[in-house]
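Here are the chains, one letter per residue:
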Amino acid sequence: MLPRARPTRVVRMPDTSRLDGMTSTVTTPSSESVPRSHPADRTGAQVAADAAAVIGSADLSEAGLRRFLHGLPGVDRVGADGRAAHLGTRSIKTTAKAWALDLTISMVDLTTLEGADTPGKVRSLVAKARTPEPGDPTCPRPAAVCVYGDMVAEARDAVGNSGIRVAAVATAFPSGRAGRQVRLADTRDAVAAGADEIDMVIDRGAFLSGGFRKVYDDIVAVREVCHDAEHPAHLKVILETGELATYDNVRRASWLAMLAGADFIKTSTGKVSPAATLPVTVIMLEAVRDFLATTGVQVGVKPAGGIRTAKDAIKYLVSVNEVAGEPWLDPDYFRFGASSLLNDVLLQRQKLATGAYSGPDYVTID
Amino acid sequence: MRAPAPARIDVRKTYKLFIGGAFPRSESGRTYEVTSAKGAFLANAAQGSRKDARDAVRAARSAQPGWAGATAYNRGQVLYRVAELLEGRRAQFVADVAAGEGLTERRAQDAVAAAIDRWVWYAGWSDKVAQVAGNANPVAGPYFNLSAPEPTGVVAVIAPQASSLLGLVSVLAPAIVTGNTVVVVASEDRPLPAISLAEVLATSDVPAGVVNILTGRTAEIAPHLAKHMDVNALDVAGALGADGITWGALEADAADTVKRVLRPAGDDEASWADAQSLNAILAYTETKTVWHPKGM
Amino acid sequence: MPRFEYAPAPESRAVVDIASSYGLFIDGEFVESASGGSLKTINPATEESLADVAVADEADVDRAVRAARRAQEKVWGPMPGAERAKYLFRIARLLAERSREFAVLEVLDNGKPIREARDVDVPTAAAHFFYYAGWADKLDHAGFGPSPRPHGVAGQVIPWNFPLLMLAWKIAPALATGNTVVLKPAETTPLTALLFADLLRQAELPPGVVNIVTGAGATGAAVVAHPGVDKVAFTGSTAVGKRIAKEIAGTRKHATLELGGKAANIVFDDAPIDQAVEGIVNGIFFNQGQVCCAGSRLLVQESVAAEVVERLKVRLGTLRVGDPMDKNTDVGAINSAAQLARITDLTKAGEEEGAVRWTADCALPEQGFWFAPTVFTDVSAAHRIAREEIFGPVLSVLTFRTPAEAVAKANNTPYGLSAGIWTEKGSRILSMADKLRAGVVWANTFNRFDPTSPFGGYKESGYGREGGRHGLASYLIEGSTR
């Protein structure tokens, strides 16, 4: 079972002003009594102290971490799949759908991660993010664009003061197979170039061979680079759940990343199949929910890869709503890593506005 | 010259009840006279009461988990051992059966032989029932799913009135082979082979309380067992030919606790010569189905 | 903070066409009842009257049994199994084709959420016919010897909690084995059975093979008591089951009884906690808890009881209670005013006896029969809510310290239908499964049903099995032990 909650510090309520058209401030039972803070508000020392409190000992050794991670409740795969399938049967219509579509757009990390990326491609991507639906100023903008580190400066320049953030993958993405100094240098470059957010990968080899301390230290080191910079960046930690293979591992990796100070935990690089799945995301949502209850720290979740349709996105939002709860219905705490999702959502948005089914010629291709 | 030795006076047996591995007299202190088919005095049998029945059910219930928990191989061996001991005491059973049922020695021998063979037949089923009556179920989903028979619990057996040994074995052995424990009401007029069988059971490896045997008036004892709330199943075979009672009335009594009732095949007690079947075993089993997800 | 309000997503009612009145389905056609009596069936979510349904009396039942006898002797019995099979396959396909219609009608008549009728009741009913269809010409291989024989006419009485699914559980194995049927649907939920009669018309099933006589308890009693009925199959309360067992005592009628339950759902401290919480919810709130195998007693290891209950309450906060026709509804209406009164009485007793009541904070519609999901903690084994079948969305939470204590408490009931075990330790699961006196044991899952999987109880939960190869036994002379 999970460690008990302890008193927490600062309460920083998420800024929801960007979510136009959303009213009500009712909270779920789970969220009423729990003070919450953003993980990025903590110093490295506080992160370590939180981790020590969670595992019940200052001993963050390999053995200490293993004891804790292997002491987490198991995940029954069939039951978890069934829960996700059940959430996927929710029928979201009319006003709820319109609301969910706009929320989805506001949560997209519009992504291009190709070897063939060019400054032109990145500018085009940013243009799409700035004006997702030409002629409709009520259409929200994606939360961020997500690019390789060497494209950060270009992206930074292009987003200007639009409020769109620049996220960069780093740490020898996507495999992570490089020495720590190389991974940190990769990160440092991206942060220095103006990245608001760093999407790092964990060392799956180390994780699968039981090297939990190595994975923990990597994350702590990358976090330090992100947070100690002149222009600090938030840290998303990619677990690459497709390589972790079991749901038990997904839960353990989620906790390990959160203990090490992740601001977000992210499913996938998009380069490994399977990428994001609904059950894996549900397990990660359970992990952030439980981490909040334990530490008072609210970590975000980002499924990435394979989410292509508005219909799929809404299933994720339903899961966010019913598993983690309303506080996560916020781009500060939930993102979609996607490239083609945006246009499908725009098509659905047009359908709701006009009543007629739309077609690909009526949305712009970046 | 020495005087001729006087004729030896035989040592007669006192027939008592068999409850929890012991041989108590009826708590009521009553006995009744048992005669041969020709009317000769054979013995005074204990005339069991409802309180004796209560004690027997208590003994059966406390023995049940242990007996059901023994391995099927072990139960098979224990029951086979009973057959071995029966074989060694054939002569006594032949004499008992011949006197009680009025059979010729030849036919009594046949009946005893059949009873021993029947015991062997049922003993061998102990570790096969689950394979024959159980199976995996290919459900449409990622689940392991298995059905297997398990013992019902405590079975009350109203033993056949006419066939005092073969009939008794034919209803007793199938009940206990899967792990049930039983309370037997022996043939009212021919109870002696049942008590002799009890002596075999007591000296075999059958744990105390697995088989409990009452003698007495069927119509007096059987309704209490049919109504007893801690009895799970009832074989009413011996209601046929018993005075003052019908199997339908016992079945109706048993309905109040949803007992499993094994009815007699016909309206009169038929020959037990061929009365061995898997269904006789399955009548006192419950199919348990266990599900478990299959996931990595 | 934003709130994700799901807009109403009602299923269309237009797909069903309910007549203002229905007769009895006897010998292939709808006929008036002899007495002309009828009863109203209503929508429990709105109390709106749906239709007048004929009430069959002894004369009507006699007519139905005679029709079934003729059909059994002249048509259905002599028919080769391969041909019987094809009729059953037809029925399975027709049910699938008309699944939405059946689902909507079931919701209107029963009050269950459309999601469950659509995803569970109707597809499982169709699957049941499909499964038993395949047995009809393979009975020689079913383990009952060569050429096992049907009993003849089966009289079947079914409950209101899964009207169509229970019909399928009863009719499919009966027909596959060569029996013919007189079926009595529940008083409050006759409509899908009557629609099924229309489906039989499309299947061109020979007249008299299936007869449907509607009515209340007296009609069911007439079916059970009719001397022309060879085999009785009943699903319903233990009280009525006992009356049936008494009624047929001393006759040569065979019976299967699927009665009540008070299942223990046992959660150990090493359970997969999130799935266990889902299993608890599914175990007691599926079909508003109106399920004989419902996991109505949560036995949770004391060391984790507080945490499990807390997580459970949070989860229950996301259950959507209300309009059963809304595709997002999780908990629908209670089937009848009488059932609601029983649930209310028992929960009142729970409070009076000192258990601590917690009820989900949800608005309930003003019309119709509703009961909010409720959890009782501090329940002791002596409380009525721990012993009696509530048959509603009410969970009683008890604690245990050791596996042996869990087994003892779980078995401490006259019932023995189902049980649940939640632990990640395999050997403990198998040992517990051995020791639990219940006909269905769900380990790390709950409330799973499949046509291939036998279902039925120990002790006062009844006898006989429905589903799977075992479900054939009691419809065959050679397979029947009682």
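Residues numbered from 1 in each chain as written. Chains lettered and ligands numbered in written order. Predicted model: local features only at pLDDT ≥ 70, side-chain atom pairs only at ≥ 80, totals over all residues. Heavy atoms only, no water.

Okay, the overall build of chain A next. In terms of regular secondary structure, chain A is built from 15 helices and eight strands. Taken over C-alpha atoms, the radius of gyration comes to 19 Å for chain A, in line with the 21 Å a tight globule of 366 residues would show. Along the three orthogonal principal directions, the C-alpha set of chain A runs to about 60 × 45 × 35 Å. For chain A, buried positions account for 58% of its 366 residues. (Helix = DSSP H or I, 4+ residues; strand = E, 2+ residues; numbered from the N terminus. Rg over C-alpha atoms; globule rule 2.2 N^0.38 Å. Buried < 20%, exposed > 50% of the residue type's maximum accessible area, 1.4 Å probe, protein only.)

To continue, consider the overall build of chain B. Within chain B, the regular secondary structure consists of ten helices and ten strands. Relative to the globule expectation of 19 Å for 296 residues, the C-alpha radius of gyration of chain B, 20 Å, shows essentially globular dimensions. Looking at chain B as a whole, 57% of its 296 residues qualify as buried. Of all intrachain contacts in chain B linking residues separated by at least 6 positions in sequence, the fraction that spans at least 24 positions is 78%. Carbon together with sulfur atoms contributes 53% to the accessible area of chain B, which is approximately 12,300 Å² in total. Averaging the coordinates of the 29 positive side-chain charges in chain B and doing the same for the 30 negative ones gives two points 5 Å apart. (Contact = heavy atoms within 4.5 Å. Areas by Shrake-Rupley, 256 points an atom, 1.4 Å probe, with all protein chains shown as cover. Lys, Arg positive; Asp, Glu negative; His and termini not counted. Charge placed at Lys NZ, Arg CZ, Asp CG, Glu CD.)

Moving on, we come to the sheet that holds strand β10 (residues 285-293) of chain B. An order of β3(B)-β4(B)-β10(B)-β17(C)-β16(C)-β11(C)-β12(C)-β15(C)-β14(C)-β13(C) is seen for the ten strands of this open sheet, with the pairing classed as mixed. Edge positions in the sheet fall to β3 (135-136) of chain B together with β13 (356-359) of chain C, since each has one partner strand and no second. Direction of pairing for strand β12 (residues 297-301) of chain C relative to strand β15 (residues 394-400) of chain C: parallel, over a ladder of five bridges. Bridged to Q301 of chain C within β15 of chain C is F400 of chain C. (Pairing = 2+ DSSP bridges.)

Listed by partner, the interface residues are 46 residues for chain C and 45 residues for chain B. The contact between chain C and chain B buries some 3,400 Å² in all, and 47% of this surface belongs to carbon and sulfur atoms. Ranking the residues of chain C by area buried against chain B places R252, T481 and R482 of chain C at the top, with a combined share of 17%. Counting across the chain C and chain B interface gives three salt bridges. Among the salt bridges present, the one from R252 of chain C reaches D267 of chain B, with a minimum N-O distance of 3.7 Å. Where chain C packs against chain B, one counts 33 residue pairs in polar contact (both at pLDDT 80 or more). A breakdown of the residues in the side of chain C that touches chain B according to their chemical character gives 17 nonpolar, 14 polar and 15 charged. (Buried area = accessible area lost by both parts, 1.4 Å probe. Salt bridge = Lys/Arg side-chain N within 4 Å of Asp/Glu carboxyl O. Polar contact = N/O pair within 3.5 Å; in protein donor to acceptor, adjacent residues only side chain to side chain. Nonpolar A, V, L, I, M, F, W, Y, C, P; charged D, E, K, R; others polar.)

With that settled, consider the pairing of β15 of chain C. Residues and elements named next belong to chain C. Among the seven residues in β15, six count as buried, and that is most of the element. By the bridge criterion, three bridges tie strand β14 (residues 374-377) to β15 in an arrangement that is parallel. Bridge pairing in β15 links V375 to L395.

Turning to the state of the cysteines, a few remarks are in order. All names here are of chain A. Under the counting rule described, the total for this entry stands at zero disulfides over all chains. This cysteine, C139, is not joined by any disulfide, and C146 carries the nearest cysteine sulfur, 20 Å off. Of the residues examined, C139 reaches a relative accessible area of 8% and is grouped as buried. Free of any disulfide, C146 has its nearest neighbouring cysteine sulfur in C226, separated by 13 Å. Exposure remark for C146: the relative accessible area of 0% places this residue in the buried category. (Disulfide = S-S within 2.5 Å.)

Residue and element names in this part refer to chain A. Residues of helix α3 (residues 62-71) that are buried: G64, L65, F68 and L69. Buried residues of α3 fall within an arc of 120° about the axis and therefore sit on the same side. Packing partners of the buried residues in α3 comprise α2 (44-55), α10 (212-227) and α12 (247-259). (Arc of directions from axis to C-beta.)

Per-residue confidence for chain A gives a mean pLDDT of 91; residues scoring 70 or more make up 91%. Note that residues 4-32 of chain A has pLDDT below 50 and, in this model, 61 contacts with residues that lie over four places away or in other chains. (pLDDT = per-residue confidence, 0-100.)

Going through the model one piece at a time under the given rule, you end up with 75 salt bridges over all chains. Between D230 of chain B and R61 of chain B there is a salt bridge, with its nearest N and O atoms 3.1 Å apart. In this pair, D230 of chain B is assigned in the loop between α8 (218-227) and β8 (233-235) and R61 of chain B in helix α1 (residues 50-69), connecting sequence segments 169 residues apart. Overlapping salt bridges bring together D109, R165, E197, D199, K236, K266, K302, D332 and R335 of chain A as one network.

Glancing now at the side chain of D121 of chain C. Residue and element names in this part refer to chain C. Secondary-structure assignment places D121 in helix α4 (residues 114-135). In this structure D121 comes out as buried when scored by relative accessible area, which is 0%. Separated by 2.5 Å, the side chains of D121 and K112 make a polar contact. Setting aside its immediate chain neighbours within four residues, D121 contacts K112, E116, F162 and L165.

Mapped onto the present numbering, the UniProt feature "domain: Aldehyde dehydrogenase" (unreviewed entry) falls at residues 27-238 of chain B. Helix makes up 50% of residues 27-238 of chain B and strand 18%. Its end C-alpha atoms lie 23 Å apart. (UniProt positions renumbered as here; feature names shortened; annotations may be inferred.)

The next subject is the pairing of strand β5 (residues 154-158) of chain B. All names here are of chain B. The buried fraction of β5 amounts to five of the five residues, a majority that puts the element mostly inside the structure. The pairing of β5 with strand β6 (residues 181-185) spans five bridges and is parallel. If you follow I158 over to β6, its bridge partner there is V185. This β-α-β element, β5 to helix α6 (residues 166-176) to β6, shows right-handed connectivity. Sheet analysis places β5 next to β8, joined by three bridges and oriented parallel. Bridged to V157 within β8 is D235. (Right-handed = clockwise from strand over helix to strand, strands pointing away.)

To continue, consider the interface of chain C and chain A. In this complex, chain C contributes 32 residues to the contact, which on the side of chain A involves 41 residues. Here chain C meets chain A over a buried area of about 3,200 Å², counting both sides, of which 56% is carbon and sulfur. Here chain C is connected to chain A by six salt bridges. For the salt bridge of E326 of chain A with R3 of chain C, the shortest nitrogen-to-oxygen distance reads 3.2 Å. At the junction of chain C and chain A, the tally comes to twelve residue pairs in polar contact (both at pLDDT 80 or more). Among the secondary structure elements, those contributing two or more residues to the side of chain C that touches chain A are α4, α9 (273-285) and α10 (305-316) of chain C.

Another aspect to go through is the sheet that holds strand β4 (residues 197-201) of chain A. Residue and element names in this part refer to chain A. Spatially, the eight strands line up as an open sheet ordered β7-β6-β5-β4-β3-β2-β1-β8, and their pairing is parallel. Strands at the two margins of the open sheet, each flanked by one partner only, are β7 (300-302) and β8 (336-338). Taking the axes of each pair of neighbouring strands and ignoring which way they run, one obtains an average angle of 25° across the sheet. By the bridge criterion, three bridges tie strand β5 (residues 234-238) to strand β6 (residues 264-266) in an arrangement that is parallel. In the strand pairing of β6, V237 is matched with I265. (Axes fitted to C-alpha atoms, helices over the stretch in contact; angles between N-to-C directions.)

Residue and element names in this part refer to chain A. Interaxial distance between helix α13 (residues 278-295) and helix α14 (residues 310-324) falls to 9 Å at its minimum, and their mutual angle equals 30°. It follows from the interaxial angle that α13 and α14 lie roughly parallel. Crossing geometry of α13 relative to α14 is assigned as right-handed. Contacts between α13 and α14 involve L278, T281, V282, L285, E286 and R289 from the former and K315, Y316, S319, V320, V323 and A324 from the latter. Each residue belonging to the contact of α13 with α14 can be placed in one class, and the counts come to seven nonpolar, two polar and three charged. (Parallel < 35°, antiparallel > 145°, perpendicular 65-115°, else oblique. Left-handed = near helix turned anticlockwise from the far one by under 90°.)

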